[in-house]
Amino acid sequence: MPRDDLFTNIHKSIRAGLFDLVTTAGATDWSDPTDVDRLACKWKRMHALLVDHTHHEDSHILRILDSHDPTATEAAGAQHHTLDGWLDEMASWVDTIVDDPDPVRGLALYRELALFCADHLIHMHDEETTVMARIWELCTDAEIAATRTAFMATMDPVAPDASLRLMLPAIDPPTRTSLIAGFAATAPRPALEGILAIARDVLDTTEADRLAAAAMGVAV
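Below is a short write-up of the structure. One numbering rule holds for all chains: residues counted from 1, following each sequence as written. With the structure being a predicted model, the display of local features is reserved for residues of pLDDT at least 70 and the display and counting of side-chain atom pairs for 80 or more, all residues being used for whole-chain, interface and lining totals. The basis for every side-chain value is the complete set of heavy atoms in the structure, and neither hydrogens nor water enter the calculation.

### Brief notes about the overall build of the chain
Runs of E in the DSSP output that reach at least two residues are strands. Runs of H or I that reach at least four are helices, and both are numbered from the N terminus. Broken down by element type, the chain carries nine helices and zero strands. Going from the N terminus to the C terminus, the chain shows its helices and strands as α-α-α-α-α-α-α-α-α. Since a compact globule built from 220 residues should have a radius of gyration of about 17 Å, the 19 Å found for the chain is in line with a globular shape. Referenced to the eigenvectors of the C-alpha coordinate spread, the extents of the chain come out at roughly 50 × 45 × 25 Å. The cut-offs for exposure are 20% and 50% of the maximum accessible area for each residue type, with area from a 1.4 Å probe on protein chains only; residues under the lower value are buried, those over the upper are exposed, and the others partly exposed. The burial tally for the chain puts 39% of its 220 residues in the buried class. Residue pairs in contact within the chain that sit at least 24 positions apart in sequence constitute 74% of those at least 6 positions apart. Computed with the Shrake-Rupley method and a 1.4 Å probe, the accessible areas treat only the protein chains shown as cover for residues. On the chain, roughly 11,300 Å² of surface is accessible, and the fraction owed to carbon and sulfur atoms is 59%. Charged side chains of the chain number 17 positive and 36 negative; the gap between the two group centres comes to 6 Å. Atoms considered for the radius of gyration are the C-alpha atoms alone. The globule rule reads 2.2 Å times the number of residues to the power 0.38. Contacts are assigned to residue pairs with any non-hydrogen atoms lying within 4.5 Å of each other. Think of it this way: Lys and Arg go in the positive column, Asp and Glu in the negative one, and His and the chain ends go nowhere. By convention, the point assigned to a charge is CZ for Arg, NZ for Lys, CD for Glu and CG for Asp.

### Quick look at the side chain of Glu-128
Note on placement: Glu-128 falls in helix H4 (residues 103–138). Looking at Glu-128, its side chain comes within polar contact range of the side chain of His-11, at 2.9 Å. Two N or O atoms form a polar contact when they lie within 3.5 Å of each other; inside protein one atom must be a possible hydrogen donor and the other a possible acceptor, and for residues adjacent in sequence the pair counts only when both atoms belong to side chains. Looking at Glu-128, its side chain comes within polar contact range of the side chain of Arg-15, at 3.0 Å. The residues contacting Glu-128, other than those within four sequence positions of it, are Phe-7, Thr-8, His-11, Arg-15 and Ala-133.

### Some remarks on the pattern of salt bridges
Pairs can form between side chains of opposite charge once their charged atoms are near each other. The term salt bridge refers to a pairing of a side-chain nitrogen on Lys or Arg with a carboxyl oxygen on Asp or Glu at a separation within 4 Å. With the rule as written, the count across this model stands at 15 salt bridges. Here Asp-66 ties to Arg-63 by a salt bridge, and the two come within 2.7 Å at their closest N and O atoms. Classification of Arg-63 by relative accessible area gives partly exposed; the value is 35%. Look at the salt bridges and you will find they share partners, linking Asp-69, Arg-134 and Glu-137 into a network.

### Digging into empty space enclosed by the protein
The distinction between a cavity and a pocket rests on a 1 Å grid over the protein atoms alone: a 1.4 Å probe fits inside a cavity but cannot get out, while a pocket stays open yet meets protein on both sides within 12 Å along at least five of seven lines, and a residue with an atom within 4 Å of a point counts as lining. Grid points are joined across faces, edges and corners, and a volume is the space filled by probe spheres set on the points. With the rule as written, the count across this model stands at one cavity of 30 Å³ or more. Computed from the structure, the largest cavity encloses a volume of approximately 70 Å³. For the largest cavity, the full set of lining residues is Leu-50, His-53, Thr-54, Glu-57, His-80, Leu-83, Asp-84, Leu-87, Phe-116, His-120 and His-123. Elements represented by at least two residues in the lining of the largest cavity include exactly helix H2 (33–61), helix H3 (74–99) and H4.

### Topic: helix H5 (residues 141–153)
Three- or four-residue spacings in an α-helix give side chains the same orientation, since the helix completes a turn every 3.6 residues. Between the first and last residue of a helix there are one fewer steps than residues, each counted as 1.5 Å, and that sum is the expected span. Here H5 spans 18 Å end to end across 13 residues, near enough to the 18 Å set by a 1.5 Å rise per residue. Buried residues of H5: Ile-144, Thr-147 and Phe-151, and no others. Along H5, the residues classed as buried sweep out an arc of 60° about the axis, all on the same side. Away from its buried face, by an angle of more than 90 degrees, H5 presents the exposed residues Ala-142, Thr-149 and Ala-153. Buried-residue contacts for H5 involve H2 and H4. Each C-beta atom gives one direction from the helix axis, and the arc is the one those directions make.

See the structure below:
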C-alpha cells in the first residue's frame, strides 16, 4: 500500500491556483473594474491558502522530523521565510494597484507573480521529493497519521473548501476517488454532502456523479 503523502495533493491545488492567478493577472484589463475585482478575489483566496499552508507545514509537517533528522527540514524552513516575505510584499503591491489600477504597474505585478510562482514550484518540488522521502524513511505511519490529524484540527473552517475547489480538478481520478472515499468513511454526512457539492461545482457532471456514487457506497 502506498504511504500517506503529506505534500503532493495540496501542492497540486497550490500549483493550479498559482497558474490560474498568473494567467488571470496577465489577462487583466486594468481599465475594467470587473477584471480588476476578479484578479483581486483570486489573489485574496490564493494568499490566504498560501499563508495557511505554510503555517501548517512550519507548525506540524516539518516538525515530524525534529526528533529524527532536524537538518532535513532546514532548507524548506529557510525557503518558507523567503517566500513569506515575498508574499507580504506582493500583498501590499496588489492592494495599491487594485485601489489605483494602472496597466504599467499591472504588467510589472504579472511578471512578479510569475517569478514568485517559479520559485514556489521549486520549493514544492524539494518538499515532495526530498523532505517527504526523508519522512517515509525515518517516521512510522502512526507518526505521519498523527501529524495529519494535528494540522487538520487547526485548519480554518473555510480553508478546506478553498483548497478542495482547486484540488479536485487538479488530482488524478484514482486519487480523487480515494480521497472522497476517505471523507465518506470518516466525515459527518453534512460535511460529506458539502464536499460533494464542491465536486459538482468544479468537475464535469459525469465525474461528479461518479464520485457521489463512490462516496455513498462507503458512507457511514
